[in-house]
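# Coordinate inspection notes
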Amino acid sequence: MFRATVLLLTGSLLFSQAQAQSGTAHNPLVGAWRISEIAETGKPPLTTPQPGLYIFTPKHYSFIRINGTKPLPDYPSNDKATDADKVAVFNALYLQSGTYSFKDNVLEVKVLVAKSAFAMAAPGNRFDVAVSGDTLTLTQKPNGPALKMVRVE
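Just so it is clear, the structure is predicted and the values come from calculations on it, not from any experiment. (Residues numbered from 1 in each chain as written. Predicted model: local features only at pLDDT ≥ 70, side-chain atom pairs only at ≥ 80, totals over all residues. Heavy atoms only, no water.)

### Describing the confidence of the model for the protein chain
Summary statistics for the protein chain give a mean pLDDT of 86 and a share of 84% for residues scoring 70 or more. Predicted confidence for residues 4-24 stays below pLDDT 50, and this span has seven contacts to residues more than four positions away or in other chains. (pLDDT = per-residue confidence, 0-100. Contact = heavy atoms within 4.5 Å.)

### Concerning the nonpolar core
Ranked by size, the top nonpolar core spans 21 residues in total, and within it Tyr54, Phe56, Phe63, Leu107, Leu136, Leu138 and Met149 carry the most contacts. Elements with a contribution of two residues or more to this core: strand 1 (31-39), strand 2 (52-56), strand 3 (60-66), strand 4 (93-103), strand 5 (106-114), strand 6 (125-132), strand 7 (135-140) and strand 8 (146-151). It is strand 5 that contributes the most residues to this core, four residues altogether. If we skip the residues at most four places from it in the chain, Leu107 touches Leu29, Phe56, Phe63, Tyr100, Ser101, Phe102, Asn125, Arg126, Phe127, Val129 and Leu138. (Core = buried A, V, L, I, M, F, W, Y, C linked by side-chain atoms within 4.5 Å. Buried < 20%, exposed > 50% of the residue type's maximum accessible area, 1.4 Å probe, protein only. Helix = DSSP H or I, 4+ residues; strand = E, 2+ residues; numbered from the N terminus.)

### Let's talk about the packing of aromatic side chains
Each aromatic ring pair is characterised by the separation of its centres together with the angle its planes make. Per the stated rule, a full pass over the model turns up five aromatic pairs. Centroid distance Tyr54 to Phe63: 4.0 Å. Interplanar angle 15°. Geometry classified as stacked. Judged by its relative accessible area of 1%, Phe63 falls in the buried class. With a centroid separation of 5.3 Å and an interplanar angle of 80°, the aromatic rings of Phe56 and Tyr100 are classed as edge-to-face. Here Phe56, found in strand 2, pairs with Tyr100, found in strand 4; they are 44 residues apart in sequence, far enough to count as distant. The class of Phe56 is buried, set by a relative accessible area of 2%. (Phe/Tyr/Trp six-rings, centres within 6.5 Å; stacked < 30°, edge-to-face > 60°.)

And the structure:
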């Protein structure tokens, strides 16, 4: 009986440690999220945003979205695009990836790569986080936009 109890406790401890190390046991962010709404202060919510995908692993994140209400400009290839076409695409894209911490419903990101050097030089961003089922809302602190997302994976 003693041996069985020791084996059961050891197995439970190993399982708990594996879950804690994976970071997914208590981290509701892990997964892929599609942007479904963008709300900025003083503006009506954008309920049909252009595509955006936010991905969280246990330690890293990747944020990619097309800003605004219009799709990316269409051109046949990069070598045929005008400078104006390229600037329009650059201005429409929001791209960054890095590491993050998540505690007490606050997300802090450390940007490792982004489309602009100033974003990588910044100390990072903080977001209030609300998760309800398959819906995630990130509100950038202190007064940034609120992004509502739906889990896709």
